[in-house]
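What follows is the residue order along each chain.
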Amino acid sequence: MPMKNTGTNTLNLSGLSFTSGLNFGFTNGTLLDPGRFFVLARNLEQFAATSPGVTANGFYSGWLDNGGENLRLSYVLGGAVLAVSYADSVP
C-alpha cells in the first residue's frame, strides 16, 4: 500500500498508527518528504515478486477488504488524523 505526500511540507508520521483496516505503527523519526512515497507491504515475498525494484518501508498486519472498508490513521493517545474509505472498484 503506497502513501504519497502530495503537499509541500515534510510530514512527521512519528507515533501515528493505522488503527482501522490494517495495523501498522510508524516509529519515532519517520518523516515523509514532499513528493515522496511510503510503501507498506503485507507479504514481503509476494510484494517483491509483484513490485520488483520497489522497497517496502514497513510491513502491516491485517487484511484490506476488497469489498470496501474504512482506513483510519490515529494519534497514539487516540483521535483520528485521517480517515478514508478503501475499495478495489471505482466509486
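## Some details on the sheet that holds strand 6 (residues 37-41)
Thought 1: Here three strands make up an open sheet; going across it, the order is 1-6-7 and the pairing mixed. The open sheet has two free edges, formed respectively by strand 1 (2-4) and strand 7 (58-59), since each of these has just one partner strand.
Thought 2: Judged from the two bridges that link them, strand 6 and strand 7 form a sheet pairing that is parallel. Its bridge partner lying in strand 7, alanine 41 is registered against phenylalanine 59.

## Focus on the nonpolar core
Thought 1: Core analysis: the largest hydrophobic core is formed by 14 residues, its most contacted members being Phe18, Leu22, Phe24, Phe26, Phe38 and Leu40.
Thought 2: Of all the secondary-structure elements, those providing two or more residues to this core are strand 6 and strand 8 (69-74).
Thought 3: Ignoring anything within four residues of it in the chain, the contact list for phenylalanine 18 reads Met1, Met3, Asn23, Phe24, Phe26, Leu40, Arg72 and Leu73.

## Section: the side chain of serine 17
Thought 1: For serine 17, the position within the fold is in strand 3 (residues 17-20).
Thought 2: Apart from the residues lying within four places of it in its own chain, the contact partners of serine 17 are Phe24, Gly25, Arg72, Leu73 and Ser74.

## Focus: the environment of glycine 79
Thought 1: Mapping glycine 79 onto the fold places it in the loop between strand 8 and strand 9 (80-86).
Thought 2: With residues near it in sequence (within four places) discarded, glycine 79 still touches Leu73 and Ser74.

## Structural notes on the sheet that holds strand 3
Thought 1: Spatial ordering of the open sheet is given by 4-3-8-9, a layout of four strands whose pairing is antiparallel. Each end of this open sheet is capped by a strand with a single partner; those strands are strand 4 (24-25) and strand 9.
Thought 2: By the bridge criterion, six bridges tie strand 8 to strand 9 in an arrangement that is antiparallel. Of the residues in strand 9, the one forming a bridge with leucine 73 is leucine 82.

## Points about the side chain of threonine 30
Thought 1: Among the structural elements, threonine 30 can be located in the loop between strand 4 and strand 5 (31-32).
Thought 2: Separated by 2.7 Å, the side chain of threonine 30 and the backbone oxygen of threonine 27 make a polar contact.
Thought 3: With residues up to four places along the chain from it excluded, the contact list for threonine 30 reads Leu11, Asn12, Leu13, Ser14 and Phe38.

The rules we used
- Residues numbered from 1 in each chain as written.
- Predicted model: local features only at pLDDT ≥ 70, side-chain atom pairs only at ≥ 80, totals over all residues.
- Heavy atoms only, no water.
- Pairing = 2+ DSSP bridges.
- Helix = DSSP H or I, 4+ residues; strand = E, 2+ residues; numbered from the N terminus.
- Core = buried A, V, L, I, M, F, W, Y, C linked by side-chain atoms within 4.5 Å.
- Buried < 20%, exposed > 50% of the residue type's maximum accessible area, 1.4 Å probe, protein only.
- Contact = heavy atoms within 4.5 Å.
- Polar contact = N/O pair within 3.5 Å; in protein donor to acceptor, adjacent residues only side chain to side chain.

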